[in-house]
Amino acid sequence: MTSRDTERPLGAEVVYERPRALADVVTHYCPGCTHGIAHRLVAEVLDELDVAGRAIGVASVGCSVLAYKYFNVDMQQAAHGRAPAVATGIKRVHPEAVVFTYQGDGDLAAIGTAEIIHAAMRGENLTVIFINNAIFGMTGGQMAPTTLVAQKTTTTPRGRDPARAGYPIRVCEMVSVLDGAGYVARAALSSPSNIARAKKAVRKAFESQLGGYGLGLVELLSSCNVNWGMSPGDALRWIETDMIPVYPLGVFKDRSEAGAEAARMEVAG
Amino acid sequence: MSGKVLMKGNEALAEAAVRAGCRFFFGYPITPQNEIPEYMSGRLPEVGGQFIQAESELAAINMVYGAGGAGARAMTSSSSPGVSLKQEGISYMAAAEVPGVIVNMVRGGPGLGGIQPAQSDYFQATRGGGHGDYRTIVFGPATVQEMVDVVGKAFELADKYRTPVVILGDGMLGQMMEPVVLPEPIDPASLPPKAWATTGTGGRRPPVVINSLYLDAAECEAMNRRLQAKYREICAREQMAEIAFPDSEYFVAAYGTTARICRMAIQEARARGHRVGLLRPVTLWPFPAEAFETVIGRAKGFLTVEMSLGQMVEDVRLVVAGRAPVSFYGRTGGVVPSSDEILIEIEKMVEGGGSM
Ligand SMILES: Cc1ncc(C[n+]2csc(CCOP(=O)(O)OP(=O)(O)O)c2C)c(N)n1
């Protein structure tokens, strides 16, 4: 029984509350940032699957570095990009644990590209929450590998020019071709309906681990209104107008039986 | 199993790790230590352990960080270029107080260097190696038997002090075969529980966090002071050294492979009537200052011999602190000094050629 339960007025019904897997603390995220929504989705899923007690999270380096304070589960903070390697070490020691990483696009798709690809290659039974906000948030808005063509950042002041700075990297497309990937999906935290879909994907990425299907990765298109120089509302709209066309939403791979079943039906239908 | 067996250094070290309760090994191939991952890949599954050939040394050390943080005895091994890559992870382990054992079968450097024996990673190993104010315990064994012995000690101290421990060897020690007595195996389940490790809360306790981030400068300084207090305790308790012929007037200071060759040169020098002994650090950090103190009163000179162009000699000079001349002789890049070369240097020292 939490104090919230005892304080509830007689006859009142709780329709919305803090997930137990989320710590009761104020986060440091900027107003308008969607990291908080992503945290909440992860915590809700840990509660719903009733696995928080055997969950071990790995926080990465980026705006979400303090995630170890926000999840109410055992946590290890990892060096920049190395979260999948750290998670691998943990999972091999505690195969019964539910191990997840929470990584930004600089962390996962720049400095940690080798670690994520090889964790997927090995088919590690891990869950990866991948926050794609098309920018390096924590260090003040520099170009990320996921930065869109022509997008202005502090290191692409005239906009990302492919001739000099290359093209956006599509992680789901890249990881899903690896045999060891169990579940790969992209969702967006841009609207209530997209957030509901994102929650399903997060849940599936954990179920992939529980079912032993290999690496479960969810890419969440997220906003960084401060570094994008937009209002929170405009930032959410920009995800839909500019990011989704480059990063199509959907399930790229699902090796679970349910996923295989759905794929069969798609083929048959 | 208490009889002697003939084993290759790298394999004896690996078996000793298994017997010390190590069940998790993560590594990336590099000469001259490949027998260690090769041995572990076959052996660990037999005892319910896990071997991963990682995608890089960076990944391997971070797997050790994960496994060590999760409470297991974990190890990685490499050689110089690979150990450079591990420094990031070792710094994180030191700061987050995660135990683990790192073996460096040192080869000639810098850069890609060569694959022949060297001791030129002494600074890297004994000064921390990565960023920040930290130290790692460092062993410099000189025989296959001593490699076996320090592996057990390394895991014990790593757990006791919650700190990474480094073993420095070289291709000579790794490749040579010598008779060894292996220790009795330790069942990892019999080791004391680690309340600080990530295991999952089970819903029964508050979460544990393995972390090295301290955004508040005062808190970061406090963490450093905590580490330094631990390092002082290690310095006070864990020094190891061998002194051969302690009643000598002159001493050769050398460790590992070089100490073996110096021993031969010293024997010859003694046969020629010179009163020369060997001071052989076994722990390179903490540097065995106490052993030096036991001979400093009568020592007329020290000759430091290394397979580097002068690294440990700095520690010898710090300890001797001007109380006797300290000279140096070194070969590097994979060149192993001969006992004849060393004998010449010993005679120079005895004849008063030693420089401060
Ligand atoms: C080895 C290393 N290099 C660089 C940094 C500096 N750094 C901290 S966070 C970051 C990028 C974070 O971007 P991202 O992963 O996209 O996460 P976000 O902050 O946008 O959530 C960088 C480069 C670091 N901490 N460590």
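Sequence positions are assigned chain by chain, starting from 1 and proceeding in written order. Both sets of labels track the order of writing: A upward for chains, 1 upward for ligands. Restriction of local features to residues with pLDDT of at least 70 applies here, the model being predicted, together with a cutoff of 80 or more for giving and counting side-chain atom pairs; totals for whole chains, interfaces and linings are based on all residues. Processing note: side-chain calculations cover all non-hydrogen atoms of the structure and skip hydrogens and water entirely.

Draft legend 1. Main features of the sheet that holds strand E3 (residues 98-104) of chain A. Pairing within the open sheet is mixed, and its eight strands lie in the order E7(A)-E5(A)-E6(A)-E4(A)-E3(A)-E1(A)-E2(A)-E9(B). Bordering the open sheet on either side are strand E7 (250-254) of chain A together with strand E9 (209-210) of chain B, each of which pairs with just one other strand. Relative to strand E2 (residues 74-77) of chain A, strand E1 (residues 55-59) of chain A runs parallel, the two sharing four bridges. Along E2 of chain A, the bridge assignment pairs alanine 59 of chain A with glutamine 77 of chain A. We call two residues in contact when some of their heavy atoms are within 4.5 Å. Interaxial angles span 0 to 180 degrees and are taken between N-to-C directions of axes, which are lines fitted to C-alpha atoms, for helices over the stretch in contact. Runs of H or I in DSSP of at least four residues are treated as helices and runs of E of at least two as strands, each being numbered from the N terminus. Against the sheet, helix H2 (residues 35-48) of chain A contacts E1, E3, strand E4 (127-132) and strand E6 (215-221) of chain A, and its axis sits at roughly 170° relative to E3 of chain A. Strand pairing is assigned whenever DSSP identifies at least 2 bridges connecting the two strands.

Draft legend 2. Molecular detail of the state of the cysteines. Cysteine sulfurs are considered disulfide-paired once they come within 2.5 Å of each other. Under the criterion given, the structure shown has zero disulfides over all chains. Take cysteine 30 of chain A: it sits in no disulfide, and the sulfur closest to it among the cysteines is that of cysteine 33 of chain A, at 6.3 Å.

Draft legend 3. Summary view of the site of the ligand. We call a residue near a molecule or strand as soon as one heavy atom of that residue lies within 4 Å of the molecule or strand. By nearness alone, 17 residues border the ligand, and Cys63, Asp105, Asp107, Gly137 and Met138 of chain A come closest of all. Chains contributing residues near the ligand are chains A and B. Measuring from an oxygen atom of the ligand, one finds a side-chain N or O atom of aspartate 105 of chain A at 2.3 Å. Contacts described as polar in this section are N or O atom pairs within 3.5 Å, which, within protein, must combine one atom able to donate a hydrogen with one able to accept it, while residues neighboring in sequence count only if both atoms come from side chains. With respect to the ligand, the side chain of asparagine 133 of chain A contributes an N or O atom lying 3.0 Å from an oxygen atom. When isolated, the ligand has an accessible area of 590 Å², and the protein chains bury 76% of it. Per element, the largest residue contribution to the shell around the ligand is four residues, and it comes from helix H5 (residues 105-111) of chain A. Computed with a 1.4 Å probe, the accessible areas rest on the Shrake-Rupley method; for each residue, only the protein chains presented here act as cover.

Draft legend 4. Structural context of the pattern of salt bridges. Residue and element names in this part refer to chain A. Think of a salt bridge as a Lys or Arg side-chain nitrogen and an Asp or Glu carboxyl oxygen that are within 4 Å of each other. What the rule picks out here adds up to 40 salt bridges over all chains. Between glutamate 44 and lysine 199 there is a salt bridge, with the nearest N and O atoms lying 3.0 Å from each other. In this pair, glutamate 44 is assigned in helix H2 and lysine 199 in helix H9 (residues 192-210), connecting sequence segments 155 residues apart. Both residues of the pair, glutamate 44 and lysine 199, count as buried. Between buried and exposed lies partly exposed: a residue is buried under 20% and exposed over 50% of the maximum accessible area for its type, with that area taken using a 1.4 Å probe on protein chains only.

Draft legend 5. Just the domain arrangement of chain B, in detail. All names here are of chain B. Delimitation of the domains relies on an automatic or database domain assignment. As assigned here, chain B comprises domain 1 (4-200 + 225-237) and domain 2 (241-351). Taking only C-alpha atoms, the centre of domain 1 and the centre of domain 2 are 27 Å apart. Residue-level contacts link 32 residues of domain 1 with 27 residues of domain 2. Two parts placed together each lose some accessible area under a 1.4 Å probe, and the buried area is that loss summed for both. For the pairing of domain 1 and domain 2, the buried interface totals around 2,400 Å² over both sides, and the portion due to carbon and sulfur atoms is 55%. Taken as a group, Gln119, Tyr122 and Phe123 account for 29% of the area that domain 1 buries against domain 2, more than any other trio of residues on that side. Where domain 1 packs against domain 2, one counts three salt bridges. One salt bridge in this structure joins aspartate 315 and arginine 127, with 2.8 Å as the shortest N-O distance.

Draft legend 6. Spatial organisation of the interface of chain B and chain A. Facing 34 residues of chain B, the contacting portion of chain A comprises 32 residues. Summed over both sides, the interface of chain B with chain A buries roughly 2,500 Å², with 59% coming from carbon and sulfur. In terms of surface lost to chain A, no three residues of chain B exceed Glu55, Asn62 and Leu213 of chain B, which account for 19% of the buried area on that side. Counting across the interface, chain B meets chain A through three salt bridges. Measuring nitrogen to oxygen at the nearest pair gives 2.7 Å for the salt bridge that ties aspartate 74 of chain A to arginine 205 of chain B. Inspection of the chain B/chain A interface yields 19 residue pairs in polar contact (both at pLDDT 80 or more). Contributions of two or more residues to the side of chain B that touches chain A are made by strand E2 (24-27), strand E3 (50-53), helix H3 (57-69), helix H4 (80-96) and E9 of chain B. Of the residues forming the side of chain B that touches chain A, the biggest block, eight residues, is contributed by H3 of chain B. When its residues are assigned to classes, the side of chain B that touches chain A shows 19 nonpolar, twelve polar and three charged. Gly is put with the polar residues, along with every residue not named as nonpolar or charged; the nonpolar set is Ala, Val, Leu, Ile, Met, Phe, Trp, Tyr, Cys and Pro, and the charged set is Asp, Glu, Lys and Arg.

Draft legend 7. Spotlight on the environment of glycine 171 of chain B. Residue and element names in this part refer to chain B. Relative to the elements of secondary structure, glycine 171 occurs in helix H7 (residues 171-175). Judged by relative accessible area, which is 8%, glycine 171 ranks as buried. Separated by 53 residues in sequence, glycine 171 and alanine 118 place their C-alpha atoms 8.1 Å apart. With residues near it in sequence (within four places) discarded, glycine 171 still touches Pro32, Val106 and Pro117.

Draft legend 8. Local environment of the environment of glutamate 207 of chain A. Residues and elements named next belong to chain A. Looking at the element boundaries, glutamate 207 is found in helix H9. Among the residues examined, glutamate 207 registers a relative accessible area of 28% and is labelled partly exposed. Setting aside residues up to four positions removed in sequence, glutamate 207 forms contacts with Leu49 and Tyr213.

Draft legend 9. Expanded view of the packing of helix H4 (residues 83-93) of chain A against H3 of chain B. For the pair H4 of chain A and H3 of chain B, the least separation of the axes is 6 Å and the interaxial angle reads 45°. Classified by the interaxial angle, the pair formed by H4 of chain A and H3 of chain B is oblique. Considering how the two elements wind past one another, H4 of chain A and H3 of chain B form a crossing that is right-handed. In this structure, H4 of chain A uses Ala85, Val86, Thr88, Gly89, Ile90 and Val93 of chain A to contact H3 of chain B, whose residues at the interface are Ala59, Asn62, Met63, Tyr65, Gly66 and Ala67 of chain B. Residues belonging to the contact of H4 of chain A with H3 of chain B are distributed by class as follows: eight nonpolar, four polar and no charged. Any angle from 65 to 115 degrees is called roughly perpendicular, while one under 35 is roughly parallel, one over 145 is roughly antiparallel, and all others are oblique. Note on convention: near helix rotated counterclockwise from far helix by under a right angle means a left-handed crossing. Clockwise means right-handed.

Draft legend 10. Summary view of the sheet that holds strand E12 (residues 276-281) of chain B. Residues and elements named next belong to chain B. Taking strand neighbours across the sheet as the criterion, the five strands line up as E10-E12-E11-E14-E15 in an open arrangement whose pairing is mixed. Since the sheet does not close on itself, it has two edges, and those belong to strand E10 (241-244) and strand E15 (326-330), each with one partner. Between one strand axis and the next, the sheet turns by 20° as a mean value, whatever way the strands run. Sheet topology places strand E14 (residues 301-306) next to E15; five bridges connect them, and they run parallel. From the neighbouring strand, threonine 304 faces E15, where its bridge partner is phenylalanine 328. In this fold helix H10 (residues 289-296) packs onto E10, strand E11 (250-253), E12 and E14, with an angle of close to 25° to the strand it touches most, E10.

Draft legend 11. Broad picture of the environment of alanine 38 of chain A. Residue and element names in this part refer to chain A. Structurally, the position occupied by alanine 38 is in helix H2. Taking the C-alpha atoms as reference, alanine 38 lies 19 Å from aspartate 234; in sequence the two are 196 residues apart. Residues in contact with alanine 38, not counting those within four places in the same chain, are Tyr102, Ile131, Leu189 and Leu220.

Draft legend 12. Structural context of the confidence of the model for chain B. Note on scores: pLDDT gives the predictor's confidence for each residue, bounded by 0 and 100. Averaged over every residue, the pLDDT of chain B is 97; the share at 70 or more is 98%. Across the assembled chains, the prediction reports ipTM 0.96 with pTM 0.96.

Draft legend 13. Spotlight on the packing of H3 of chain B against H4 of chain B. Residues and elements named next belong to chain B. The interhelical angle for the contact between H3 and H4, taken along N-to-C directions, is 25°, at an axis separation of 7 Å. Classified by the angle their axes make, H3 and H4 are roughly parallel. As H3 runs across H4, the sense of the crossing is right-handed. Contacts between H3 and H4 pair Glu57, Leu58, Ala60, Ile61, Asn62, Val64 and Tyr65 from the former with Gly82, Leu85, Lys86, Glu88, Gly89, Ile90, Tyr92, Met93 and Ala96 from the latter.

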